[in-house]
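A structural walkthrough
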Amino acid sequence: MTLKLGDTAPNFTADTTEGRIDFHEWLGDGWGVLFSHPADFTPVCTTELGETGLLKEQFAKRNARIIAVSVDSVEDHKAWARDIEKYSSEPLNFPIIGDTDRQVSELYDMIHPGEGDTSSVRCVFVIDPNKKIRMSLTYPKSAGRNFPEILRVIDSIQLTDEYSVSTPVNWQDGDDVVISPALSEEQAKEQFPEGWKEITPYLRLAKQPNKRVR
Ligand code: BEZ
């Protein structure tokens, strides 16, 4: 099944390094990031999971929990955690799903046979408090992901859920944002009293609403 943005993230129960979970219960009413890695005891994956642990507080600031999955066993994950800690100097601080029966990997279409074997490629799903999939990305096994980019996308989604804006190319939290073309000049004046820079009538750049000096 191909999952699309706006679909409900499929629920499952699974064993993890932190015990058995019901995924939707584990998500609670916050945001979630589910990401797959091809295999334990492999170099790129070790760097990715180490980096993720170092970013735990950054995810928590966004009310987001993070969970990894691969087709290895929980016992393997626990043994591998010692190597991850050697890389990051941080004990493993988020759960890894043991998906030996490939239930989760198949539910989320993480196994791409054209990529060589039956382990998962590098997928990421950002899930909102309504359990909707808001972002997904798929990388080849050879390319480690950029986890600050995942934080950046969560920032963008959370901002654009709250205000009538979108975020332009290479946007970072605090940069100017794009006023929704759906807002009339009058509506834009109300919501952006400090004004904006008009590049074209449909491309109006304004200060990020929740960063304006009041
Ligand atoms: C790695 O994590 O280094 C890796 C895993 C599977 C295939 C290629 C690279």
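Structure first, text after, so check above.
Below you will find a few notes about this structure. (Residues numbered from 1 in each chain as written. Predicted model: local features only at pLDDT ≥ 70, side-chain atom pairs only at ≥ 80, totals over all residues. Heavy atoms only, no water.)

1. Overview of the packing of aromatic side chains
- Evaluation of the coordinates by the stated rule reveals six aromatic pairs.
- With a centroid separation of 6.3 Å and 45° between ring planes, the pair formed by Phe35 and Phe94 is classed as tilted. A residue pair is termed long-range when its members are at least 10 positions apart, and Phe35 in strand E3 (residues 31–36) and Phe94 in the loop between helix H4 (74–88) and strand E5 (96–98) qualify at 59 residues. Considered together, Phe35 and Phe94 belong to a single accessibility category, that of buried residues.
- Between the aromatic rings of Phe35 and Phe147, the centroid separation amounts to 5.3 Å while the plane-to-plane angle is 75°, which identifies the pairing as edge-to-face. You can see Phe35 sitting in strand E3 and its partner Phe147 sitting in helix H6 (residues 147–162), a full 112 residues away along the chain.
- Taking the relative accessible area as the measure of exposure, Phe35 reaches 0% and is therefore buried.
- Here the aromatic cluster, defined as three or more aromatic residues joined through ring pairs, consists of Phe12, Phe23, Trp26, Tyr108 and Phe125.
- Lying across the ring of Trp196, Arg204 places its NZ or CZ 5.8 Å from the centre. (Phe/Tyr/Trp six-rings, centres within 6.5 Å; stacked < 30°, edge-to-face > 60°. Helix = DSSP H or I, 4+ residues; strand = E, 2+ residues; numbered from the N terminus. Buried < 20%, exposed > 50% of the residue type's maximum accessible area, 1.4 Å probe, protein only. Lys NZ or Arg CZ within 6 Å of the ring centre and 35° of its normal.)

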